[in-house]
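Here is how the chains run, residue by residue.
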Amino acid sequence: MNLPTEFLEELKTVFASDTEKYISAFNDPCFRGISINRLKTSPEKILPLLDFAINKSPFYCDGYYIPSDLEGIGNSPLHHAGAFYVQEPSASSAVGLLEIQKGDHVLDLCAAPGGKSAQIASLLNGSGMIWSNEPIKNRAKILLSNHERMGIPNGVVSSCYPDVLCPKLKGFFDKVLVDAPCSGEGMFRKNPDAILEWSREHVISCANRQLSILISASECVREGGILVYSTCTFSPEENELTAEHFLDACPDFEPYDINESFGRTTQLKNAVRITPLEGGEGHFAARFRKKGNAPRTVSHFSKSLKKPQKLSKDLQKLTEAFLDDIFISRPDMNTEVFGNSVFLRSKELPDIEGLAILRKGIYAGEIIKNRIEPAHSLFVTARPENLTRVLDLNIDDPRVNEFIKGLEIKCEGEKGYTAVAVEGMILGFGKCSGGRLKNKYPKGLRV
């Protein structure tokens, strides 16, 4: 492994006497892992269903190692059902430092592809709100897709630069995560080609950008709230020094010490570093607390970029009848219609003017003539026990794989739109009639 000389000198400041051990670790298999999604299941229920070996990870309460040579996990019906998110183990460490409580409003500022947002949503378990932001549009679309797969009902997905988003959400969040773009030194073992792109100039450029993002993020943390900064690099410039510069730039924040048993200590008590020698590819996290103690502010932006149309009596009846057919009890959410599209929006979500919002709440369906065609996201974000019709299949039932291939399957039961689940976890839906289910699983998700 040919590592740049300047990078090797940097490593000595991080690893000290362990530098050679780290370099030798390039010959070892990379670490891989999953995080269990409590919106869909629990470790007690899902782990016995997995057909591969797992070991508990020290970095996250619901994190597990999986075999480094495991193939095809993305085609697993359990993956399709959002039971877990495939995630490099050390990357899961930052979310636990947020100390998420029921009802929290949480911002994941640099969220794509969505692993940390999935963790946050799992810990919130349907309460509060998770706002996931990704400035790059193409990556934001991937983020939205993962939001849907993981069944997140109480979320917003946006595509805004931090200096645009954060000033409009002053003091709105209890917890904010900044998993900042970085030089990616912790990914060198997984992607040796990334070594060729490394340079000191790039490290310094990343550090400057990270500080700017952190300063923007500080605006939307409420007094007494927590801000966690993380990277997947080893560089002190991007890690400890950026953390120190942030405190200099934002004196209304203070270090919030970390007392975790994983990783290795740093020169900062409010930070932790993980390397391949501690069981992860590479991650750094620092934690801060905003001084004072005040409740989150209510957004003062009361208008949305596009106002939902006021529901006529006929449209009100149509949407209510539609929801009553799908659900045993209607979700406690606001119904909004934009054009022919029907959405369910959490009552805790603010309306924000002038921001690039890809989704707020749940896309419920499309009005076609005098009926509403339900959307995939309406079912995958629902609790199965609250759905009128559910075809719940055993993991070994051949219809499970037939469904995710987009095939029509046998469906005993009453006629109508029916959720399809595997071991109690919703995969999608179809329309049941005459003992057959017409498959509505999105073509882009089929295997």
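Residues numbered from 1 in each chain as written. Predicted model: local features only at pLDDT ≥ 70, side-chain atom pairs only at ≥ 80, totals over all residues. Heavy atoms only, no water.

Trainee: Could you give an account of the sheet that holds strand S4 (residues 84-86), naming the residues involved and the relevant values?
Mentor: Hydrogen bonds between backbone atoms are what pair the strands of a sheet, whose relative direction is either parallel or antiparallel. The antiparallel open sheet is built from four strands, whose spatial order is S2-S3-S1-S4. The strands lining the two open edges of the sheet, one partner per strand, are strand S2 (55-56) and S4. When strand S1 (residues 32-36) meets S4, the two strands line up antiparallel, connected through three bridges. In the strand pairing of S4, Ser 35 is matched with Tyr 85. (Pairing = 2+ DSSP bridges. Helix = DSSP H or I, 4+ residues; strand = E, 2+ residues; numbered from the N terminus.)

Trainee: I'd like a rundown of the pattern of salt bridges, residues and numbers included.
Mentor: Here the structure, examined in full by the defined rule, presents 29 salt bridges. Connected via shared salt-bridge partners are Asp 18, Lys 21, Arg 264 and Glu 278. (Salt bridge = Lys/Arg side-chain N within 4 Å of Asp/Glu carboxyl O.)

Trainee: Before we move on, could you go through the packing of aromatic side chains and cite the residues and values that matter?
Mentor: Summed over the entire model, instances satisfying the criterion amount to 17 aromatic pairs. Ring plane angle 10 degrees and centroid distance 4.5 Å describe the contact between Phe 379 and Phe 429, whose orientation is recorded as stacked. Of the two residues, Phe 379 sits in helix H13 (residues 376-380) while Phe 429 sits in strand S22 (residues 425-433), which places them 50 residues apart along the sequence. Seen from their ring centres, Tyr 417 and Phe 429 are 6.0 Å apart, and the 65 degrees between their planes marks the pair as edge-to-face. Here Tyr 417 is found in strand S21 (residues 416-422), whereas its partner Phe 429 is found in strand S22, with twelve residues between them in sequence. Among the aromatic residues, those joined into a ring-pair cluster are Phe 15, Tyr 22, Phe 26 and Phe 234. (Phe/Tyr/Trp six-rings, centres within 6.5 Å; stacked < 30°, edge-to-face > 60°.)

Trainee: Would you mind going over helix H6 (residues 115-124) in detail, with residue names and values included?
Mentor: Most of H6 sits inside the fold, with nine of its ten residues counted as buried. Residues of H6 that are buried include every one of Gly 115, Lys 116, Ser 117, Ala 118, Gln 119, Ile 120, Ala 121, Ser 122 and Leu 124, and no others. Asn 125 sits one or two positions beyond H6 and adopts a positive phi of about 55 degrees. (Buried < 20%, exposed > 50% of the residue type's maximum accessible area, 1.4 Å probe, protein only.)

Trainee: Which residues make up the sheet that holds S21, and what values do they have?
Mentor: Judged by pairing direction, the sheet is mixed, and its five strands sit side by side in the order S19-S21-S22-S23-S20 without closing on themselves. In this open sheet, the two edge strands, each paired with only one partner strand, are strand S19 (390-393) and strand S20 (409-410).

Trainee: Can you tell me about unusual backbone geometry, naming the residues and giving the values?
Mentor: The omega torsion across Ala 112 and Pro 113 is 5 degrees, close enough to zero to call that bond cis. Along the polypeptide, Pro 113 turns up in the loop between strand S5 (105-108) and H6. Non-glycine residue Ala 16 carries a positive phi angle of around 50 degrees. By the element assignment, Ala 16 lies in the loop between helix H1 (5-15) and helix H2 (19-24). Non-glycine residue Asn 125 carries a positive phi angle of around 55 degrees. In this fold, Asn 125 is placed in the loop between H6 and strand S6 (129-133). The class of Asn 125 is partly exposed, set by a relative accessible area of 36%.

Trainee: An account of helix H12 (residues 313-326) is requested, with residue identities and associated values reported.
Mentor: Between its first and last C-alpha atoms H12 spans 20 Å; for 14 residues at 1.5 Å apiece the expected length is 20 Å, and the two agree. All of the buried residues in H12 are Leu 315, Thr 319, Phe 322, Leu 323 and Ile 326. Projection of H12 onto a plane perpendicular to its axis shows the buried side chains occupying an angular sector of 95 degrees, all on one side. Looking at H12, the residues exposed on the side facing more than 90 degrees away from the buried face are Lys 313, Asp 314 and Lys 317. Taken together, the buried residues of H12 touch strand S14 (334-338), strand S15 (341-345), strand S17 (362-368), strand S18 (371-374), H13 and S21. (Expected span 1.5 Å × (residues − 1). Arc of directions from axis to C-beta. Contact = heavy atoms within 4.5 Å.)

Trainee: So what's going on with the environment of Phe 7? Which residues, and what values?
Mentor: Counting through the fold element by element, Phe 7 comes out in helix H1. Residues Phe 7 and Ser 199, 192 residues apart in the sequence, show an inter-C-alpha distance of 8.0 Å. Among all residues touching Phe 7, those that are not within four sequence positions of it are Tyr 22, Glu 185, Phe 188 and Trp 198.

Trainee: Tell me about the nonpolar core, residues and numbers included.
Mentor: Among the nonpolar cores identified, the biggest contains 33 residues, and Leu 109, Trp 131, Phe 173, Val 176, Val 178 and Leu 227 are the most heavily contacted of them. If you list the elements that add at least two residues to this core, you get S6, strand S8 (173-179), helix H10 (200-218), strand S9 (221-231), helix H11 (240-249) and strand S13 (283-290). Apart from residues no more than four positions distant in its own chain, Phe 173 is found in contact with His 105, Val 106, Leu 107, Met 129, Trp 131, Cys 220, Val 221 and Arg 222. In terms of nonpolar packing, the next biggest core, distinct from the first, is built from 27 residues, Phe 84, Val 422, Met 425 and Leu 427 among them. (Core = buried A, V, L, I, M, F, W, Y, C linked by side-chain atoms within 4.5 Å.)

Trainee: Which residues make up the pairing of S21, and what values do they have?
Mentor: Counted residue by residue, S21 has seven buried out of seven residues, so it is predominantly covered. Sheet analysis places S19 next to S21, joined by four bridges and oriented parallel. By the bridge assignment, Val 390 is partnered in S21 with Ala 419. Sheet topology places S21 next to S22; seven bridges connect them, and they run antiparallel. The partner of Val 422 across the bridge, within S22, is Met 425. As consecutive antiparallel partners, S21 and S22 are separated by two residues, and within that stretch Glu 423 has a phi angle of approximately 50 degrees, a positive value.

Trainee: Describe the packing of H10 against H11, listing the residues and the values that go with them.
Mentor: Geometrically, a packed helix pair is captured by the angle between its two axes and the distance between the axes. Interhelical geometry of H10 versus H11 gives an angle of 40 degrees and a closest axis separation of 10 Å. Overall, the two elements H10 and H11 adopt an arrangement that is oblique. Taken as a pair, H10 and H11 cross one another with a handedness that is right-handed. On the side of H10, the interface is formed by Ala 207, Gln 210, Leu 211, Leu 214, Ile 215 and Ser 218, while H11 contributes Thr 242, His 245, Phe 246 and Ala 249. In terms of residue class, the contact of H10 with H11 is built from six nonpolar, four polar and no charged. (Axes fitted to C-alpha atoms, helices over the stretch in contact; angles between N-to-C directions. Parallel < 35°, antiparallel > 145°, perpendicular 65-115°, else oblique. Left-handed = near helix turned anticlockwise from the far one by under 90°. Nonpolar A, V, L, I, M, F, W, Y, C, P; charged D, E, K, R; others polar.)

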